[in-house]
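Chain by chain, the residues run as shown.
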Amino acid sequence: MAFWVIQSLNGLALGGLLFLLSSGFSLIFGLMRVANLTHGAYFMLGAYVGLSALGAGLDFATALLAGGLAVALFGGLVERLILRRLAARPPAQRTLAQVLVTLGLAFIIADGCLWIWGGDPMPLPVPAALGGAVRAFGFVFPFYRLVVVVIALLVALALWLGLERTRVGAMIRAGVDDMEMAAGMGLPVSRLFTTVFCLGAALAGMGGVLGGPILSVYPGLDTDMLPLALVVVILGGIGSLLGAFVGSFIIGFVYTFGQTLLPDLAYVILFLPMVLVLVLRPRGLFGTRAA
Amino acid sequence: MKLGAPVFAVALLLVPLIPSPYYVNVASQILIAAVFASSLNLLVGYAGLTSLGHAAYLGVAAYAVAWLTTLGGLGHLAAALVALAVTTATAACFGVLALRGTGLAFLMITLALGQILWGIAYRWVSLTGGDNGITGLTRPQPFGFDLTSPGAFYYFTLAIAAPTAAAIALYVRSPLGAAVQGTRDQPRRMSALGHNVWMVNWITFVFAGTGAGVAGILFVYYNQFIGPQTLNLTNSAEVLLMVISGGAGTLLGPIIGAATVVILKNVVSAYITRWVMLLGAVFVLIVVFMPEGLGPGLHRLWHTRSKSTS
Amino acid sequence: MTRRFFVLVLLSMLVAAPAVALAQEPIRVGFLTVRSGPLAAGGRQLEEGFQIFIKERNGTLSGRKLEVIYADTAGQPALTKTKTQELVERNRAHIIIGPLAAFEALAINDYIKQVEVPIISSSAAAEDLTQRKLNPWFIRAVGTSAQVTQPIGEYAAKVLRYKRMATIADDFAYGHEGTSGFQRVFEDNGGKVVQKLWPPLNVADYGSYIAQIKPNVDALYTGFAGANGLRFLKQYAEYGLKGKIPVLGNMTNTDEGILKSMGDEALGALSAGWYSAANDTPANRKFVAAVRAEFKADPGYYTAGAYTAGLFLEAALKVVNGKIEDKPAFMKALRRVRLTEGPIGPMRLDEYGNPIMNMYIRKVERKDGRLVNSVIHTYPETSQFWTYAPKAFLANPVYSRDFPPAKNIE
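Residues numbered from 1 in each chain as written. Chains lettered and ligands numbered in written order. Predicted model: local features only at pLDDT ≥ 70, side-chain atom pairs only at ≥ 80, totals over all residues.

Draft legend 1. Main features of the overall build of chain B. Broken down by element type, chain B carries 14 helices and two strands. Over its C-alpha atoms chain B spans a radius of gyration of 19 Å, differing by no more than 12% from the 19 Å that the globule rule assigns to 310 residues. Across its three principal directions, the C-alpha atoms of chain B cover 60 × 50 × 40 Å. Taking all 310 residues of chain B together, 58% fall into the buried category. Excluding contacts between residues fewer than 6 apart, the proportion of contacts in chain B whose partners are at least 24 apart in sequence is 75%. (Helix = DSSP H or I, 4+ residues; strand = E, 2+ residues; numbered from the N terminus. Rg over C-alpha atoms; globule rule 2.2 N^0.38 Å. Buried ≥ 20, exposed ≤ 12 C-beta atoms within 10 Å, placed from the backbone. Contact = placed C-beta atoms within 7 Å.)

Draft legend 2. A look at the overall build of chain A. Counting its regular elements, chain A contains eleven helices and two strands. Counting from the amino terminus, chain A carries its helices and strands in the arrangement α-α-α-α-β-β-α-α-α-α-α-α-α. Rg of the C-alpha trace for chain A: 19 Å, near the compact-globule value of 19 Å for 291 residues, within the 12% margin. Overall, chain A is about 60 × 50 × 35 Å in size when its C-alpha atoms are taken along their principal axes. Per-residue burial over chain A gives 59% buried out of 291 residues.

Draft legend 3. Structural detail: the interface of chain C and chain A. Taken together, the contact between chain C and chain A spans 25 residues of the former and 29 residues of the latter. Going through the elements one at a time, helix 2 (40-56), helix 7 (207-210), helix 8 (228-238) and helix 9 (256-259) of chain C are the ones with two or more residues in the side of chain C that touches chain A. If one sorts the elements of the side of chain C that touches chain A by residue count, helix 8 of chain C sits on top with four residues. When its residues are assigned to classes, the side of chain C that touches chain A shows eleven nonpolar, nine polar and five charged. (Nonpolar A, V, L, I, M, F, W, Y, C, P; charged D, E, K, R; others polar.)

Draft legend 4. Looking closely at the nonpolar core. Core analysis: the biggest nonpolar cluster contains 342 residues, and Leu-100 of chain A together with Val-65 and Met-108 of chain B have the highest contact counts within it. The biggest single contributor to this core is helix 2 (residues 21-46) of chain B, with 17 residues. Counting contributing residues per domain, this core is built from domain 1 (27-142 + 280-357) and domain 2 (146-278 + 358-395) of chain C, each supplying no fewer than three. In this view, Leu-100 of chain A contacts Leu-241, Ile-244, Ser-245, Phe-283, Ile-286 and Val-287 of chain B; residues no more than four positions away in its chain are not counted. (Core = buried A, V, L, I, M, F, W, Y, C linked by C-beta atoms within 7 Å. Domains from an automatic or database assignment.)

Draft legend 5. Structural context of the pairing of strand 1 (residues 27-33) of chain C. All names here are of chain C. For strand 1, the tally of buried residues reaches six of seven residues, placing the bulk of the element in the interior. Of the strand pairs in this sheet, strand 1 and strand 3 (residues 64-72) are connected by seven bridges, and their pairing is parallel. Looking at strand 3, one finds that Thr-33 is bridged to Asp-72. Here three bridges tie strand 1 to strand 4 (residues 95-97), and the two strands are oriented parallel to one another. What sits directly across from Val-29, in strand 4, is Ile-95. (Pairing = 2+ DSSP bridges.)

Draft legend 6. Fine view of the interface of chain A and chain B. Taken together, the 36 residues of chain A in the interface contact 41 residues of chain B. Residue composition of the side of chain A that touches chain B, by class: 28 nonpolar, five polar and three charged.

Draft legend 7. Representation of unusual backbone geometry in the model. Residues and elements named next belong to chain C. Note that the residue after Gly-98, namely Pro-99, is joined by a cis bond; omega there is -15°. With respect to the secondary-structure elements, Pro-99 resides in the loop between strand 4 and helix 4 (102-115). A cis amide bond links Phe-403 with the next residue in sequence, Pro-404, at an omega value of 0°. Phi is positive for Ser-62, which is not a glycine, with a value near 50°. Its identity is not glycine, yet Glu-116 carries a phi of approximately 55°, on the positive side. Inspection of the secondary structure puts Glu-116 in the loop between helix 4 and strand 5 (119-121). On the basis of neighbour counts, which here come to 12 C-beta atoms within 10 Å, the residue Glu-116 falls in the exposed class.

Draft legend 8. Seen up close, the environment of Ile-160 of chain B. Residues and elements named next belong to chain B. Along the chain, Ile-160 falls in helix 7 (residues 150-173). Placed 129 residues apart in sequence, Ile-160 and Leu-31 show a C-alpha to C-alpha distance of 9.6 Å. Every residue in contact with Ile-160, bar those within four places of it in the chain, is listed here: Val-214 and Leu-218.

Draft legend 9. Just the sheet that holds strand 1 of chain C, in detail. All names here are of chain C. Taken in spatial order, the six strands of this open sheet run 2-3-1-4-5-6, and their pairing is mixed. With one partner strand each, in any of the chains shown, strand 2 (60-61) and strand 6 (138-140) form the two edges of the open sheet. By the bridge criterion, two bridges tie strand 2 to strand 3 in an arrangement that is antiparallel. Residue Leu-61 lies in a different strand from strand 3, and its bridge partner there is Arg-64. Of the strands in this sheet, strand 1, strand 3 and strand 4 touch helix 2, which is tilted by about 155° from strand 1. (Axes fitted to C-alpha atoms, helices over the stretch in contact; angles between N-to-C directions.)

Draft legend 10. View of the packing of helix 11 (residues 271-280) of chain A against helix 5 (residues 103-123) of chain B. Running from N to C, helix 11 of chain A and helix 5 of chain B point in directions that differ by 145°, and their axes come no closer than 10 Å. For the pair helix 11 of chain A and helix 5 of chain B, the crossing hand works out as left-handed. In this structure, helix 11 of chain A uses Phe-271, Met-274, Val-275 and Leu-278 of chain A to contact helix 5 of chain B, whose residues at the interface are Ala-105, Met-108, Ile-109, Ala-112, Gln-115 and Ile-116 of chain B. (Left-handed = near helix turned anticlockwise from the far one by under 90°.)

Draft legend 11. Just the packing of helix 2 of chain B against helix 3 (residues 77-90) of chain C, in detail. Orientation of helix 2 of chain B relative to helix 3 of chain C, taken along the N-to-C sense of each, is 155°, at an axis distance of 9 Å. Here helix 3 of chain C runs roughly antiparallel to helix 2 of chain B, going by the angle between their axes. Along the contact surface, helix 2 of chain B presents Pro-21, Tyr-22 and Asn-25 of chain B, while helix 3 of chain C presents Gln-85, Glu-86, Glu-89 and Arg-90 of chain C. (Parallel < 35°, antiparallel > 145°, perpendicular 65-115°, else oblique.)

Draft legend 12. Expanded view of helix 2 of chain C. In this model, helix 2 of chain C (17 residues) spans 25 Å end to end at C-alpha, consistent with the 24 Å of a helix rising 1.5 Å per residue. Listed as buried for helix 2 of chain C are Ala-40, Ala-41, Gly-42, Gly-43, Arg-44, Gln-45, Leu-46, Glu-47, Gly-49, Phe-50, Ile-52 and Phe-53 of chain C. (Expected span 1.5 Å × (residues − 1).)

Draft legend 13. Just helix 2 (residues 39-55) of chain A, in detail. Helix length check: helix 2 of chain A (17 residues) gives 24 Å between terminal C-alpha atoms against 24 Å at 1.5 Å per residue, within 8%. Of the residues flanking the end of helix 2 of chain A, it is Gly-57 of chain A, one or two places downstream, whose phi is positive at about 100°.

Draft legend 14. The arrangement of the pairing of strand 1 (residues 133-136) of chain A in detail. Residues and elements named next belong to chain A. Two elements, strand 1 and strand 2 (residues 139-142), share four bridges in a ladder whose sense is antiparallel. By the bridge assignment, Val-134 is partnered in strand 2 with Phe-141. Hairpin remark: strand 1 followed by strand 2, antiparallel, with two residues in the connecting loop; positive phi at Phe-137, about 50°.

Draft legend 15. Here's a closer look at the environment of Leu-45 of chain A. Residue and element names in this part refer to chain A. Mapping Leu-45 onto the fold places it in helix 2. With 28 C-beta atoms counted inside 10 Å, the residue Leu-45 sits in the buried group. Taking the C-alpha atoms as reference, Leu-45 lies 9.4 Å from Gly-68; in sequence the two are 23 residues apart. In this structure, Leu-45 is in contact with Val-71, Ile-109, Cys-113, Gly-205 and Gly-208, ignoring residues within four places of it in sequence.

Draft legend 16. Structural detail: the environment of Gly-101 of chain B. Inspection of the secondary structure puts Gly-101 of chain B in the loop between helix 4 (76-98) and helix 5. By the C-beta count within 10 Å, which is 23 here, Gly-101 of chain B ends up buried.

Put into structure tokens, the structure is as follows:
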């Protein structure tokens, strides 16, 4: 009995972590149609910056902000200086150029992190107030993982409110639905793009800091995380934050229980449900349109 | 440009005269990567389908050859032919799955299929040797020629790579190739004209997979081992980057991209420790200054310069 | 005046000539390391260990200068092969040290046989390189994966008297080989392995695996590599299992390279290894002090491995008077090396090119505010075959996930 409870909580915790990782990616891809393959690297960079902030004596909340801000800044520069130039190109060439530049940046960030912080794996310390374990009904579960689930819910709520209840959110939603029409209506598309990209990058960076106590920070974190973000967003559907949310928890549960019940499929359990969904329903679970 | 082609061909033939065997080996690796990238270019450049799982087909062919020649007891030619057949069949099946989507969905399905094959290579230890891979392969001896020396193997690779590149060029220039490019640019119009868009894409997918299989056979005979690392996501990403950075949708582009990446990885890395960062920077610079790729970009520079001097 | 001057110059040249002729070529060491990608930390430690070695000898062995050419393989076997070719063909290396990973070493094994260049493995632990895939040019300066875990199998059964144990290890060859060695000896000594878990190498999180560990086992064997030991032990403590189910691990579970980043969660963890920075011998104290002074960290698996590879090179060169060009004589000398002192302890090679040396059972303790692997027991003169006869050992298939078969799984 305790086993099933713990595994369910594990699935939940993994889902929460995946949402923190993939929400930024979903936002950027939904609005700007940019498959930001640098996303895993942003996650890792945020974690490293957070680690340094903690090492400098700052508290966890400040380190979290530092990680988010640093990556947002980097993302903003990338968007303004590089991605913007590609907007004028024909669509086929633009997609390929985006892939090339985002992967190129991922290489730069990954090697840069290795250079600056070295190759040793480093655990991100759990903030004291959020540490410890929950002990109930004969099982033990780390408290911090439950905190991650709560934070994921709060972030989802904040993003939803932001999108549904603010003017900026309305503009973003308009852009996601029909960019040409929105531009024609006079929406400041260019500023919107930069805002969304920075927000998406910030989410990735903060996700890295929040995930640090569970995953640790090490070279290769970016290539471990990127496929997960892609799987969640594709499963959930393009342009749908709800899709990213639901997709995260589905993957969290499938992965956790899949590993337990079918250990021989451990290496592929992540991709099978995604392939299944895509083959049956190419726009994903909640996608508004095919990718 | 007319003069360029025969000069290029002669240069290719004279490579083994380079005194250092090390650089002859690098040239062989460039040829193998060029075949690999050119095969992916069919999908990415001409069909407009970006795939992040192409290393799977190189891997399937390489593993098939490795297993058949070491444990299966087949000769080199037989193993290569069987491997090509297996790879083509794999591409045929995967193509059906992958073409359920376009754009990012296609990218993700190909990524997933590539990762699934990687997982199988890693875990089916009794068949693939797990992460230790399969070693102990011997090189073929076509018509009794010994391919141990770098020069001999280079000519062998050239003898296989050149016809493969020619086949790809023929494909692109054929009516089918024109149809593929048409469906890339204007799928609805092509469909209205009576073309079966799906079939055109599927045939291209299979052909691309077979091309990667040829690269896989050359790869495994060159290295004389195969491991699951060859099928990982990083390698699929790397070949995609070769195609895009060189110039997708052109015949010479993937070859230039392949040469760039191979040289940076193998040669420049001996002098510059941060070569990964340099590689990334090269890609970013290409996007900023020559987004159509190195091939067309250099071509454009060449012509604008000659225009300005005339 | 000028004539006397010229004669003097001529005479001095004649005197100097033999000395000039004797100033030979340097000994070129090709060092395969990893500087990019996830394995870079190990590569850096390999280089550090070798640099300490070179510094102590002033860059000279047997009267000849050492020229080291470092090559970054990024941990990718295809690149490893290319770099090895570069070192041999372009740099004309006399000897290769490295590579880092077991699968890299296997990838270049055939090539080394072909070009007949001596190679000393400073970290690659793949069993078959000194068992079923022998290479006359290959010797190892470190132990195999199972050489380390077989002793702790006996220790767990005979000394700690554990009866039922679970194992959890990285799902790749190094993890398989170590677990198999442990399981075989543990069960031969009366124990039972009732559960085997294999998390993938790059799994995001160990929570779902920790939850599967049977609560009624006496202890847990852990066989992790790289960063995974650090991540696992941390999560193990978070799930409340530290102290409830004791942990015994392989050498890289609590290697000094990651131990420095660990906290209380590692205290009390047992492990087996052919080296410990806390091993209190004069040679090791000197070595550890040198590494700490230069690199501000304790030496571990990779640092000690690379330094010891240097010791082997030095000893063999002494026998051939520095003439590494005489390859057959050099290889013969290399295989006959007996080290009596050194950070690892006394070592000599068996007839397969693998060291016979001490195995230390270590326990993580805090000393001087730092976590160390204190040595609590030593098994002297341990070979890669443990107490089994080599021929019978080799007649079995190589240790893998399915061999020896697990007969006691519940």
